[in-house]
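Structural characterization, general
Now for the letters of each chain:
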Amino acid sequence: MNILIIGGAGYIGSHVTREFLDIGHQCTVFDNLSSGLRENLFAEAEFIHGDIHDLPSLLDTMKNGSFDAIVHLAAFKAAGESMLKPEKYSHNNISGTINILNAASIHGIKNIVFSSSAAVYGEPQYLPIDENHPTLPENYYGFTKLEIERFLAWYDKLKNIRYASLRYFNAAGYDVKGRIKGLEQNPANLLPVIMETACGTRKEMQIFGNDYDTKDGTCVRDYIHVNDLASGHALSLNYIIKNDKSIIVNLGSENGFSVTEVLETARKITGRAIPAKITGRRSGDPAKLTASSAIAQKLLNWKAKYSDMETLIKTSWDAYSK
Ligand code: UFG
């Protein structure tokens, strides 16, 4: 197939592009490089330096490309920032996606795989979280992802565009074959913060609270390896095309690790001290999040292969220690 990957130079996008190339698809990456990196591009994929706010450029790209499908990963994703700068998230995540949908509709591209997020659920009402869990986002970022899912449902109904909305849990790790070299700039997520502290780029990291009702008092999350996320994109695209049906699926490992467990495993694997101090809670952090990925297993025959904590940390350290 011929696939347009919007946001394909980013952390997750580059792993997704690698996956589609590996299984023999033709890929074009469209990215404005605001957080994506040139070093994440592959020689086999065409690159268009473009912006989703530039509708003529999107229209040209789609007109000239004869694409079978779009994978859309171009979004801002910092939940904390979204509460301070909602305009930025409305503009990029919502308006940008409407441009993509309108351009796809004009040029008859009928399949979209969309990067959604577990942030659509908000504070968990039960665990593990399945796709029927109420969607009550606690931050504006999660709200933008949920709104986009609603647009997708309407474009499915009105324009016959089929979509797979993939609700990622905590994306982590680096390509198990070491082919992705670009490191995220100014990361706020736990794994890259631990890695930067292990490298000495940061002197010390913060543990946001140790008084939660969890096994050791620190927050528990479901970390999912980016290679596993990437295979979920390829499988879900096959599914929506074969079945002519849209889907919403969780992608998580179904395992919960506390911040302390992640940190201790990182200390063991890197052999570095990784200084950490316990500070206050970060606002909006639920104590515990774990996924049910039963739907992905059932519909897509997808299963996380690389999402054990050792592989998550080892592949991250391979990228950071170079
Ligand atoms: N944490 C720290 N110190 C840090 C960074 C994080 O203690 O420097 C803690 C957080 O408090 C949280 C855990 O590590 O308990 C994970 O935090 P992240 O910021 O890595 O991830 P979140 O769980 O907040 O959110 C991530 C993505 C969201 C996505 C969500 C889905 O950033 O976009 O997973 O589960 F919606």
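Anything mentioned here points back to the structure above.
Described in the following lines is the structure provided in the data block. (Residues numbered from 1 in each chain as written. Predicted model: local features only at pLDDT ≥ 70, side-chain atom pairs only at ≥ 80, totals over all residues. Heavy atoms only, no water.)

Turning our eyes to something else, we now look at the environment of Phe208. Among the secondary structure elements, Phe208 is positioned in strand β8 (residues 205–208). Between the C-alpha atom of Phe208 and that of Gly280, which follows or precedes it by 72 residues, the distance is 5.4 Å. Not counting the four nearest positions on each side in its chain, Phe208 is found in contact with Thr279, Gly280, Arg281, Arg282 and Asp285. (Helix = DSSP H or I, 4+ residues; strand = E, 2+ residues; numbered from the N terminus. Contact = heavy atoms within 4.5 Å.)

The next subject is helix α4 (residues 86–106). For α4, built from 21 residues, the straight-helix expectation of 30 Å at 1.5 Å per residue is met to within 8% by its first-to-last C-alpha distance of 29 Å. Summarising the contacts, the buried residues of α4 are in contact with β1 (2–6), α2 (55–65), β4 (69–72), α3 (79–84), β5 (111–117) and α5 (140–159). Where α4 terminates, the next one or two residues include Gly108, which has phi positive at roughly 70 degrees. (Expected span 1.5 Å × (residues − 1).)

Turning to the site of the ligand, a few remarks are in order. Within the structure, the ligand sits among 22 residues, and Ser117, Asn170, Gln206, Arg221 and Asp285 are positioned closest to it. Contact distances for the ligand include 2.8 Å between an oxygen atom and a backbone N or O atom of Leu190. Relative to its free-state accessible area of 690 Å², the ligand is covered by the protein chains to the extent of 89%. Looking at the shell around the ligand, the elements that each hand over two or more residues are α6 (190–199) and β8. The element that contributes the greatest number of residues to the shell around the ligand is β8, accounting for 3 residues. In terms of residue class, the shell around the ligand is made up of 14 nonpolar, 4 polar and 4 charged. (Near = heavy atom within 4 Å. Polar contact = N/O pair within 3.5 Å; in protein donor to acceptor, adjacent residues only side chain to side chain. Areas by Shrake-Rupley, 256 points an atom, 1.4 Å probe, with all protein chains shown as cover. Nonpolar A, V, L, I, M, F, W, Y, C, P; charged D, E, K, R; others polar.)

Turning next to the nonpolar core. Core analysis: the biggest nonpolar cluster contains 57 residues, and Ile12, Phe20, Val71, Ile194, Met205, Tyr223 and Val262 have the highest contact counts within it. Filtering out sequence-adjacent residues up to four positions away, Phe20 remains in contact with Ile3, Ile5, His25, Cys27, Val71, His233, Ala234 and Leu237. Listed in part, the 21 residues of the second largest apolar core include Phe30, Leu58, Ile109 and Tyr163. (Core = buried A, V, L, I, M, F, W, Y, C linked by side-chain atoms within 4.5 Å. Buried < 20%, exposed > 50% of the residue type's maximum accessible area, 1.4 Å probe, protein only.)

A few words on the pattern of salt bridges. Opposite charge on two side chains lets them pair, provided their charged atoms get close. Counted under the stated rule, the structure contains 19 salt bridges. Between Arg179 and Asp175 there is a salt bridge whose closest N-O contact spans 2.8 Å. Take Asp175: its relative accessible area is 4%, and that puts it in the buried class. Asp285 is paired through a salt bridge with Arg282; the nearest N and O atoms lie 3.1 Å apart. By relative accessible area, which is 16% here, Asp285 ends up buried. Shared partners join several salt bridges into a network, and the residues in it are Arg18, Asp22, Glu44, Asp175 and Arg179. (Salt bridge = Lys/Arg side-chain N within 4 Å of Asp/Glu carboxyl O.)

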